[in-house]
Amino acid sequence: MTTARISTALGLLLAMLLSGCAENRDPQNPAAAHGDDATAVIAAKRIRVGVKADTPPFGSKSGETYIGFDIDIALAVAKQLESILKTPALEVEFVPVTSHNRIEKLLAGEVDMLVASMTITRYRDQVQNLDFTVPYFQDGQSLLVLKDSPIQSYQDLAGRSVGCVRGSTSSWYLNQVAPDCKPTKYEDFPSLFAALDAGQVDAATSDLLILMGRMRSAKDPAAYRIAGDRFTTEPYGIAVRENQSTWRDSLNEAIQQLWENGRWRVIADTWFGAQSAYPTQLNFGITPYPK
Ligand code: GLU
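All values reported here derive from a predicted model rather than from experimental measurement.

Draft legend 1. Representation of the environment of Leu 251. Residue position: Leu 251 is located in helix H9 (residues 245–260). Leu 251 gets classed as buried once you look at its relative accessible area, which sits at 0%. Taking the C-alpha atoms as reference points, Leu 251 and Leu 85, 166 residues apart in sequence, are found 10.0 Å from one another. Apart from residues no more than four positions distant in its own chain, Leu 251 is found in contact with Val 77, Leu 81, Met 113, Thr 133, Ile 238 and Val 240.

Draft legend 2. Representation of the layout of surface pockets in the model. As a volume, the largest pocket reaches approximately 420 Å³. The wall of the largest pocket is formed by 17 residues, among which Tyr 123, Arg 124, Ser 168, Thr 169 and Trp 172 lie closest to the centre. For the lining of the largest pocket, the secondary structure elements donating two or more residues are helix H5 (122–127) and helix H6 (170–177). Sort the elements by how many residues they give to the lining of the largest pocket and H6 lands first, with three residues. Here the lining of the largest pocket is composed, by residue class, of six nonpolar, ten polar and one charged.

Draft legend 3. Region of interest: the packing of aromatic side chains. Counted by the stated rule, this structure contains 18 aromatic pairs. Between the aromatic rings of Trp 172 and Tyr 173, the centroid separation amounts to 5.2 Å while the plane-to-plane angle is 75°, which identifies the pairing as edge-to-face. Take Trp 172: its relative accessible area is 53%, and that puts it in the exposed class. Here Trp 259 and Trp 264 contribute two aromatic rings whose centre-to-centre distance is 5.1 Å and whose plane-to-plane angle is 55°, an arrangement assigned as tilted. On the basis of relative accessible area, Trp 259 is assigned to the partly exposed category, the value being 25%. Its relative accessible area of 1% is what places Trp 264 among the buried residues. By the ring-pair criterion, three or more aromatic residues cluster together here, those being Phe 58, Phe 69, Tyr 136, Phe 137, Tyr 236, Trp 259, Trp 264, Phe 272 and Phe 284.

Draft legend 4. Layout of the packing of helix H3 (residues 69–84) against H9. In contact at an axis separation of 9 Å, H3 and H9 are set at 110° when each is read in the N-to-C sense. Between H3 and H9, the angle falls in the class roughly perpendicular. As H3 packs across H9, the resulting crossing turns out to be right-handed. Residue-level contacts link Ile 73, Ala 76, Val 77, Gln 80, Leu 81 and Ile 84 of H3 to Trp 247, Ser 250, Leu 251, Glu 253, Ala 254, Ile 255, Gln 257 and Leu 258 of H9.

Thresholds, definitions, all that
- Residues numbered from 1 in each chain as written.
- Predicted model: local features only at pLDDT ≥ 70, side-chain atom pairs only at ≥ 80, totals over all residues.
- Heavy atoms only, no water.
- Helix = DSSP H or I, 4+ residues; strand = E, 2+ residues; numbered from the N terminus.
- Buried < 20%, exposed > 50% of the residue type's maximum accessible area, 1.4 Å probe, protein only.
- Contact = heavy atoms within 4.5 Å.
- 1 Å grid on protein atoms, 1.4 Å probe; cavity = no way out; pocket = protein on both sides within 12 Å on 5 of 7 lines; lining within 4 Å.
- Points joined across faces, edges and corners; volume = space filled by probe spheres on them.
- Nonpolar A, V, L, I, M, F, W, Y, C, P; charged D, E, K, R; others polar.
- Phe/Tyr/Trp six-rings, centres within 6.5 Å; stacked < 30°, edge-to-face > 60°.
- Axes fitted to C-alpha atoms, helices over the stretch in contact; angles between N-to-C directions.
- Parallel < 35°, antiparallel > 145°, perpendicular 65-115°, else oblique.
- Left-handed = near helix turned anticlockwise from the far one by under 90°.

Now the structure itself:
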């Protein structure tokens, strides 16, 4: 054989071996048929979930554990996956992420999915090498100010300094609705809210429930005010790496099952129902796909 033929033959052999690894076609195990992230999760018997550690009511650290709406959704999704992926109980390992580093951590393989108050946007989907599940929640952007602030809504922001978190949709929308304001980006929510407290910004902007989370956890909630209604629509999705079809399909199935079996409602009531810490009128529902 010529050198060219030998290298072609070796290349073919290597390709066969590699595809052979991914081609473990087991009808009992849908993920193995595709060799995607679902296979890795089943093999590890564990899901690593990127969550917020400082963003109540979605994700915050409480002692050694995490609590929040996103945390409960992640745990419930993991439970549903056991029957969907035909696997024994999956351990859930929470990994703290920020708005700024969450995509980097997902793409670096440090987590298998993000359940991190993350809005599904076409930009993130098309440009940032990730995919989203169907929405599991929806919020919208608003403003948090100190109680005596003259700011009543985003229409009062011209010339004002407004803080938001790096890596969030908030700065992009802020530029759309108030191009004449002076925006400053902060690394995470605690730094953003510290800047508001210190008078370094006239307003903080993010999703409404995150701003309410700040008010509730502050020493003096009455020192703050929400200024105006939500002015954007932020559908939250679970983010996964791009082209992980079985993994994403399984998560989509899990989310739809949580809606159908009532578990989603129980979690939503825990965090946002009339008796909860964040009583909120939720205008959101999941439409399960026909079977
Ligand atoms: N939901 C918005 C986003 O994904 C803001 C909250 C956040 O950054 O987590 O950018």
